[in-house]
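Structural overview for review
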Amino acid sequence: GAGVSQTPSNKVTEKGKYVELRCDPISGHTALYWYRQSLGQGPEFLIYFQGTGAADDSGLPNDRFFAVRPEGSVSTLKIQRTERGDSAVYLCASSLVPDRNYEQYFGPGTRLTVT
Amino acid sequence: DAKTTQPPSMDCAEGRAANLPCNHSTISGNEYVYWYRQIHSQGPQYIIHGLKNNETNEMASLIITEDRKSSTLILPHATLRDTAVYYCIVRVGGYGGSQGNLIFGKGTKLSVKP
């Protein structure tokens, strides 16, 4: 079946611009996670959704970052006033339930470059 | 969640077993050991997890020491496609948890050579 998909695969934007990154989780997965991965580092947790609500947004670095999941499936990560330090690969993952024993399925990521 | 320590890199000959170590000396009794790997330009992929008993699946085996302070992921017959960064993650397990985010370290970069 279809895995987690993310669009776009690459995004280049100028400093100060607004960007939206989209994640399509596996159908039926109630939990959705966003991570950010800088070069040479492991993925870093940003936010997690259970259904439509953000159950934990403690990883969002500041208020320029926001994410939504209005119908409990597709999610959008929004970044306002982008900075060069936001350049990274943004990964989305989903799992059947938000449970520690259920594996997370990751998408291929969106590579964001802020010039 | 407990921290883990992994070697930054390892080499393995194609067809041989790859043994990737992980130290987690501060692991708690309710914490599981998880392994994920990330092939270049892809998202991480779940491999295996365990609590105290050794585990095996179609991808790998997980050996956890009796004191649970360290573990080894074994790829029995490494292929070139196993070249990836391997992450050892320790986290609270059990069903009914309310939070499932993974905390990744830098992992071990495994290079399988022909």
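So, here is what we can say about the structure in this document. One numbering rule holds for all chains: residues counted from 1, following each sequence as written. Chain labels run from A onward and ligand labels from 1 onward, assigned in the order the entries are written. Where totals are concerned, whole chains, interfaces and linings use all residues; where local detail is concerned, this predicted model gives features only for residues with pLDDT of at least 70, and gives and counts side-chain atom pairs only at 80 or more. Side-chain measures here rest on the full set of heavy atoms in the structure, leaving out hydrogens and waters.

With respect to the pattern of salt bridges
Applicable threshold: Salt bridges are identified by distance alone: a Lys or Arg side-chain nitrogen within 4 Å of an Asp or Glu carboxyl oxygen. Whether a residue is buried, partly exposed or exposed follows from its accessible area with a 1.4 Å probe, protein chains only, as a fraction of its type maximum: under 20%, in between, or over 50%, in that order. The helix count covers DSSP runs of H or I at least four residues long, the strand count covers runs of E at least two residues long, and both are numbered beginning at the N terminus.
Taken as a whole and assessed by the stated rule, the structure comprises six salt bridges over all chains. A salt bridge links Asp24(A) to Arg22(A), with the nearest nitrogen and oxygen atoms 2.8 Å apart. Here Asp24(A) falls in the partly exposed class, since its relative accessible area comes to 22%. With a relative accessible area of 38%, Arg22(A) lands in the partly exposed category. Put simply, Arg37(B) and Asp82(B) hold a salt bridge, and the shortest N to O gap is 2.8 Å. Here the residue Arg37(B) occupies a position in strand β3 (residues 31–38), and Asp82(B) occupies one in the loop between β7 (70–75) and β8 (84–92), the gap between them amounting to 45 residues.

Side note on the side chain of Gln6(B)
All names here are of chain B. We apply this condition: Identification of polar contacts relies on pairs of N or O atoms within 3.5 Å, with a donor-acceptor requirement for protein atoms, meaning one able to donate a hydrogen and the other able to accept it, and with residues adjacent in sequence counted only if both atoms are side-chain atoms. In what follows, a contact means two residues having at least one pair of non-hydrogen atoms within 4.5 Å.
Here Gln6 is to be found in the segment before β1 (9–13). Judged by relative accessible area, which is 16%, Gln6 ranks as buried. A distance of 2.9 Å separates a polar atom in the side chain of Gln6 from the backbone oxygen of Tyr86. A polar contact is formed between the side chain of Gln6 and the backbone nitrogen of Cys88, at a distance of 2.9 Å. If near-sequence neighbours (up to four positions away) are discounted, Gln6 is found in contact with Pro21, Cys22, Trp35, Tyr86, Tyr87, Cys88, Gly107 and Thr108.

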